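Here is what each chain is made of, one letter per residue.
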Amino acid sequence: MRVALALVMASAPIGCARESGESGELPTTYGSGAGLETSVNGYNVLAGMFAKAGHAVSTRTALTPLLRDWADTIVFAPVSFAPPEPETVGWMEKWLQGKSGRTLIYIGRDFDAEPLYWRKAKLKAGTADQPEIARRSLAALARVKIERAVESGGKCAWFEIVKGMHRDVRKLEGPWLDNSGGPPPIDAAAIEIELNSRLIPADSADLDVLLAADDDMLLTRRSFTAPGVAGDVTSAPDSQLVMIANGSFLTNLPLVNREHRKLAGKLIELLGPKPGHVVFLASEEPAPPIRSSSADRSAASSMLDVFGVWPLSAILLQFVVLLAVFGFSRWPLFGPPRDPPPLPASDFGQHVSAVADSLATTGDASYAQERWQYYQDNVRGGRALSDATKRNSMLPGGRGRTEGKPG
């Protein structure tokens, strides 16, 4: 299971960090994309859950016309603590209103899993590792505090980010807790959701609060009606903007928690039963670039995204193995035996070999010696005499002369 694998990978530095130096450093890069499978702050496990539900999952780094026409769902987890830029909001609203049934999932940045990791590591590590874990835990807390102080706060057309006191959420409210006739209920006492800054929606129209903790909204949904869809009950559902306070129950490390996986499953259910194209927007810049052409700079690397899409990943893996077997079968050292190419007919050595084979089949040595002597006296000797005659005929006054006889 991918979640279990993520847990094993995330636990790797425990016990070896003191001896391994740089190789024991904990991967903490935030966001989605290739290379973040082992990061405690990655979204690759969540992407795998979307894929397991039947969706085609890929990653892009820019907002392009191809993405606008092709994506059914966009998961936007920016690396910046600040709200998205007006240009980004405008592009995504046009995308939501361009077609019904689309979903934009916005995940606030104000969470970092590294302090959580070291708190869990402290409970499992031996006495000898406690000082090192305490040092790293303090360093992680200081880094997160500085990052939050630099960028936290601000507003956009969707919401306002309000600074607040840190809070550990252990009590949940909202429709998501109603599981009548559904899967096992969510044990709110076992969750490990954190709140730092608060995400306050700017408009309460068409706003559904799906998950909350007292007065703090954790997850809300707002509808966007595509042109021509209003009043048409037979059409597909409206597009929706899902706003999540932070990724404290969605990044790789928190998803080890079973109750968090239930919440992630609820999030995936918002997309409906029909599989679609889910795109994780991964941009290292504070705002993803908006391009007028579909030539994404990540186009070369995104071609490899199909290896992470089920069932294409399994099909392509089998194709690669089959291609490797075919290559080895055609290699001379491993392939079937083949006859060597025929020698050219002008090779006189073939004639000699054929005569020798014929004489060998007689089994008579004296006969073979006789035939050899005949060749030396009549064939080879006559050819030598003929060559000498030709040479003498080329000398002055040598016409008609033979070697050893005066003219």
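On a predicted model such as this, the values are computed, not experimentally measured, just so you know.

What counts and how
Along each chain, residues carry numbers from 1 onward, in the same order as the chain's sequence is written. Selection of residues for local features in this predicted model requires a pLDDT of at least 70, selection of side-chain atom pairs for listing and counting requires 80 or more, and totals for whole chains, interfaces and linings are taken over all residues. Neither water nor hydrogens contribute to the side-chain values; these are computed over all heavy atoms in the structure. Only the six-membered ring of Trp is used, alongside the rings of Phe and Tyr, when aromatic pairs are assigned; centres must lie within 6.5 Å, and planes under 30 degrees apart are stacked while those over 60 apart are edge-to-face, with the rest tilted. A run of DSSP states H or I qualifies as a helix once it reaches four residues; a run of E qualifies as a strand once it reaches two. Both are numbered from the N-terminal end. Think of it in three bands: residues with accessible area under 20% of the maximum for their type are buried, residues over 50% are exposed, and the middle band is partly exposed, with areas taken using a 1.4 Å probe on protein chains only. Only lysine NZ and arginine CZ atoms are considered, and such an atom sits over a ring when it is within 6 Å of the ring centre and within 35 degrees of the ring normal. A helix's residues, less one, multiplied by 1.5 Å, set its expected span. The criterion used for residue contact is that any of the two residues' heavy atoms lie within 4.5 Å. Identification of polar contacts relies on pairs of N or O atoms within 3.5 Å, with a donor-acceptor requirement for protein atoms, meaning one able to donate a hydrogen and the other able to accept it, and with residues adjacent in sequence counted only if both atoms are side-chain atoms. The predictor reports its confidence for every residue as pLDDT, a score running from 0 up to 100. Throughout this description, the term salt bridge denotes a Lys or Arg side-chain nitrogen within 4 Å of a carboxyl oxygen of Asp or Glu. Axis definition: a line fitted to C-alpha atoms, over the contacting stretch in the case of helices. Angles run 0 to 180 degrees between N-to-C directions. Here the angle decides the label: under 35 degrees means roughly parallel, over 145 means roughly antiparallel, 65 to 115 means roughly perpendicular, and every other value means oblique. Each crossing is labelled by how the near helix is turned from the far one, with a counterclockwise turn of less than a right angle marking it left-handed and a clockwise turn marking it right-handed. Lys, Arg, Asp and Glu make up the charged group, whereas Ala, Val, Leu, Ile, Met, Phe, Trp, Tyr, Cys and Pro make up the nonpolar group; the residues left over, Gly among them, are polar.

Colleague: How should the packing of aromatic side chains be read in this particular structure?
Modeller: Any two aromatic rings considered together are summarised by their centre-to-centre distance and by the angle between their planes. A complete count under the given rule lists seven aromatic pairs for this structure. With a centroid separation of 6.5 Å and an interplanar angle of 70 degrees, the aromatic rings of Tyr 106 and Trp 158 are classed as edge-to-face. Residue Tyr 106 is found in strand S3 (residues 103-107), and its partner Trp 158 is found in the loop between strand S4 (154-155) and strand S5 (159-162); the two are separated by 52 residues along the sequence. For the pair Tyr 106 and Trp 158, a shared accessibility class is recorded, and that class is buried. Aromatic ring contacts, followed pair by pair, group Phe 76, Tyr 106, Trp 158 and Phe 159 into a single cluster. Above the face of the Tyr 374 ring, Arg 371 is positioned so that its terminal group lies 4.8 Å from the ring centre.

Colleague: Help me understand helix H8 (residues 258-269), please; the structure alone is not making it clear to me.
Modeller: Residue pairs spaced three or four apart in an α-helix point in one direction, given the helix's 3.6 residues per turn. With 12 residues, H8 should reach 16 Å at 1.5 Å per residue; the first-to-last C-alpha distance of 17 Å fits that figure. Turning to H8, its buried residues are Glu 259, His 260, Leu 263, Ala 264, Lys 266, Leu 267 and Ile 268. The secondary structure elements touched by the buried residues of H8 are helix H3 (44-52), S3, strand S7 (193-195), strand S9 (207-213), strand S10 (216-224) and strand S11 (239-244). The backbone nitrogen of Glu 259 lies 2.8 Å from a side-chain oxygen of the residue at the head of H8, namely Asn 257.

Colleague: Sorry if this is basic, but what is going on with the environment of Ser 283 here?
Modeller: Turning to its location among the elements, Ser 283 is positioned in the loop between strand S12 (277-281) and helix H9 (299-302). A sequence separation of 204 residues divides Ser 283 from Val 79, and the C-alpha atoms of the two residues are 7.5 Å apart. Setting aside its immediate chain neighbours within four residues, Ser 283 contacts Thr 61, Val 79, Pro 288 and Pro 289.

Colleague: Can you help me understand the confidence of the model for the chain in this one?
Modeller: Low-pLDDT stretches of the model should not have their predicted coordinates read in fine detail. Per-residue pLDDT for the chain averages 80, and the proportion of residues at 70 or more is 76%. Note that residues 229-235 has pLDDT below 50 and, in this model, five contacts with residues that lie over four places away or in other chains. Residue range residues 398-407 is modelled with pLDDT below 50. Its contacts to residues more than four positions away, or to other chains, number seven contacts.

Colleague: Please explain the pattern of salt bridges as it appears in this structure.
Modeller: Opposite charge on two side chains permits pairing when their charged atoms draw close. Considering all chains together, one arrives at 18 salt bridges under this definition. For Arg 143, the salt bridge goes to Glu 147, with nearest N and O atoms at 3.3 Å. Here the residue Arg 143 and the residue Glu 147 both occupy positions in helix H7 (residues 130-151), the gap between them amounting to four residues, near one helical turn. Judged by its relative accessible area of 25%, Arg 143 falls in the partly exposed class. Glu 259 is paired through a salt bridge with Lys 262; the nearest N and O atoms lie 3.4 Å apart. With Glu 259 and Lys 262 both in helix H8, this residue pair falls three residues apart, about one helical turn. A network of salt bridges, in which partner residues are shared, links Arg 109, Asp 112, Glu 114, Arg 143 and Glu 147.

Colleague: Would you mind going over unusual backbone geometry with me for this structure?
Modeller: One can expect most non-glycine residues to show negative phi and most peptide bonds to be in trans. Within the chain, Asp 214 stands out as a residue other than glycine whose phi angle is a positive 60 degrees. For Asp 214, the location among the structural elements is in the loop between S9 and S10. Relative accessible area serves as the criterion here: at 42%, Asp 214 is assigned to the partly exposed category.

Colleague: How should the packing of helix H6 (residues 114-124) against H7 be read in this particular structure?
Modeller: A pair of packed helices is characterised by two quantities: the angle between their axes and the separation of those axes. It is at 9 Å that the axes of H6 and H7 come closest, and there the two elements cross at 165 degrees. Taken together, the axes of H6 and H7 are roughly antiparallel relative to one another. You can see that H6 and H7 cross each other, and the crossing is left-handed. Touching Glu 114, Pro 115, Trp 118, Ala 121 and Lys 122 of H6 are Gln 130, Ile 133, Arg 136, Ser 137, Ala 140, Leu 141, Arg 143 and Val 144, all from H7. For the contact of H6 with H7, the class distribution of residues is seven nonpolar, two polar and four charged.

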